[in-house]
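Commentary on secondary and tertiary structure
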Amino acid sequence: MDGAVRLDSAVRPARALPKTQSLRQRRLVHNLTGHGFLIGAVVCFAVFSWYPMVREIVMSFQRTRRGETTWVGWHNYVRLWHDPSFAAAWRNTLTFTLLALLIGYALPFLIAVLLNELRHARGYLRAVVYLPVMLPPASALLLFRYAYDPGQAGIFNYLLHAAHLPTSQWVQSTSMTQPSLVIASTWMNVGSSILVYLAALQNIPGELYEAAELDGAGILRRLWHVTVPQTRLILSLMFLLQVVATMQVFIEPLILAGGAGVEDSATSVVYLMYQHAFKQNDLNGAAALGVMLMVVLAGFSVAYARLSPKQD
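Remember, it's a predicted structure, so these values are computed and weren't measured experimentally.

Turning to the nonpolar core, a few remarks are in order. In this structure, Trp90, Ile194, Tyr197, Leu289, Met292 and Leu293 are the most contacted members of the largest nonpolar core, which totals 37 residues. At the level of secondary structure, the elements contributing two or more residues to this core comprise helix H2 (75–81), helix H3 (84–104), helix H4 (106–117), helix H8 (177–201), helix H9 (206–214), helix H11 (232–246), helix H13 (269–279) and helix H14 (283–307). Among the elements that line this core, the one with the most residues is H14, at six residues. Filtering out sequence-adjacent residues up to four positions away, Leu293 remains in contact with Trp90, Met247, Gln248, Val269 and Val270. Within the second largest apolar cluster, 17 residues are counted, among which are Phe96, Val171, Met188 and Ala266.

Here you go:
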């Protein structure tokens with residue numbers, strides 16, 4: 001018996017050892033799998049995001065002529081500063097961004113609040129508001145280009161004429177170009193913002209609205225004291241994303257106004273980059289413009305993140 005006990009005690013550690021090795025092997029395989037997926041994502045970002053960004057910065061300080069590249073320092077930036085379209089491009093871009101915030105930032109939130117209060121046909125209405133997002137941007141803008149026709153053939157002028165209101169030249173007018181671009185851009189992108197706001201609204205506890213109703217709060221007070229504070233994080237994030245997106249406006253002026261528009265009324269910074277790169281074969285100037293835009297957006301993002309109230 002003593003010999004059998006000793007034999008069992010000597011065998012037990014030998015049986016436990018393979019289980020420990022098997023557990024370590026599984027952990028090693030899981031770690032290698034996770035790192036493999038991570039390495040793939042890092043390589044994709046390095047090749048398609050980080051390298052082009054670094055290459056753009058380097059090109060902005062160079063000049064390439066007939067296959068020869070020379071270092072010119074700040075020459076490209078100084079040359080762009082004296083470009084007649086440079087100031088107009090930045091002015092138009094900032095105007096478009098401000099108008100897009102006035103129209104396209106508050107409107108999706110208000111529509112989402114309205115849809116969230118409905119009890120019937122909620123799914124149908126969500127599909128309807130998201131339909132413009134499903135259209136290719138070029139197709140949607142071609143429809144707006146037809147609607148913006150300055151004659152009676154344009155649907156907008158036809159409706160204004162039917163209502164006995166003065167018609168407009170829309171993108172053919174220097175004063176109406178930017179509002180026309182903002183209307184088209186808002187119509188195309190409002191559906192995505194509405195769905196994001198709806199998801200945030202549905203996470204608000206119903207008890208907060210019940211308590212506000214018991215205190216005698218009306219619709220506007222419930223919206224201001226319950227809805228807005230509970231969705232402040234999403235509102236802050238959407239504000240930042242919208243500024244970054246609208247500062248890079250390109251396809252709207254390209255299709256609706258032919259690029260520059262009347263007297264450079266539609267020229268944006270990104271469209272000016274397109275002109276330098278593909279019209280004038282000035283890749284270094286386009287790179288300098290891209291670096292300027294990147295610095296402006298990065299500075300705004302950092303300042304906004306620091307000035308925004310901290311969320312619990």
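Look at H8: 35 Å from first C-alpha to last across 25 residues, which is about the 36 Å you get at 1.5 Å a residue. Approximately 45° is the largest bend angle found in H8, and it occurs at Asn189.

Along the chain, Gln62 falls in strand S1 (residues 62–65). Owing to a relative accessible area of 13%, Gln62 belongs among the buried residues under this scheme. Spatially, the C-alpha atom of Gln62 lies 8.5 Å from that of His75, the residues being 13 residues apart in sequence. Leaving out residues up to four positions away in the same chain, Gln62 has contacts with Arg55, Thr69, Thr70, Trp71, Val72, Asn76 and Asn284.

Next up on the list: helix H5 (residues 122–134). With 13 residues, H5 extends 19 Å from end C-alpha to end C-alpha; this agrees with the ideal 18 Å at 1.5 Å per step. Along H5, the helix axis deviates most sharply at Val128, where the bend reaches about 25°; the proline Pro132 sits within four residues downstream.

The pairing of S1 with strand S2 (residues 68–71) spans four bridges and is classified as antiparallel. Bridge pairing links Arg63 to Thr70 in S2.

The subject of this paragraph is the packing of H9 against helix H10 (residues 219–230). Two numbers describe how H9 lies on H10: the axes approach to 10 Å, and their chain directions differ by 160°. One way to sum up the angle between H9 and H10 is to call them roughly antiparallel. Regarding H9 and H10, the two cross each other, and that crossing is right-handed. Residues Leu208, Tyr209, Ala212 and Glu213 of H9 form the contact with H10, whose own contacting residues are Arg222, Val226, Thr227 and Gln230. In the contact of H9 with H10, the residues fall into four nonpolar, two polar and two charged.

On to the packing of aromatic side chains, then. Per the stated rule, a full pass over the model turns up 22 aromatic pairs. Ring geometry for Trp81 versus Phe86: centroids 5.8 Å apart, planes at 50°, classification tilted. Taking the relative accessible area as the measure of exposure, Phe86 reaches 8% and is therefore buried. Clustering of aromatic rings is evident, with ring pairs tying together Phe144, Tyr148, Phe156, Trp170 and Trp187.

This part is about the confidence of the model for the protein. In this model, the protein carries an average pLDDT of 84, and 92% of its residues clear a pLDDT of 70 or more. The spread of mean pLDDT over the elements of the protein runs between helix H1 (residues 2–59), the lowest at 73, and H13, the highest at 92. Note on residues 7–11: pLDDT under 50 across the span, and zero contacts to partners over four residues away in sequence or across chains.

Quick look at unusual backbone geometry now. Even without being glycine, Trp170 reaches a positive phi, approximately 55°. Note on placement: Trp170 falls in the loop between helix H7 (155–162) and H8. Positive phi, normally seen in glycine, also occurs at Glu263, with a value near 55°.

Parameters and conventions
- Residues numbered from 1 in each chain as written.
- Predicted model: local features only at pLDDT ≥ 70, side-chain atom pairs only at ≥ 80, totals over all residues.
- Heavy atoms only, no water.
- Core = buried A, V, L, I, M, F, W, Y, C linked by side-chain atoms within 4.5 Å.
- Buried < 20%, exposed > 50% of the residue type's maximum accessible area, 1.4 Å probe, protein only.
- Helix = DSSP H or I, 4+ residues; strand = E, 2+ residues; numbered from the N terminus.
- Contact = heavy atoms within 4.5 Å.
- Expected span 1.5 Å × (residues − 1).
- Bend = angle between axes of the 7 residues up to and from the residue.
- Pairing = 2+ DSSP bridges.
- Axes fitted to C-alpha atoms, helices over the stretch in contact; angles between N-to-C directions.
- Parallel < 35°, antiparallel > 145°, perpendicular 65-115°, else oblique.
- Left-handed = near helix turned anticlockwise from the far one by under 90°.
- Nonpolar A, V, L, I, M, F, W, Y, C, P; charged D, E, K, R; others polar.
- Phe/Tyr/Trp six-rings, centres within 6.5 Å; stacked < 30°, edge-to-face > 60°.
- pLDDT = per-residue confidence, 0-100.

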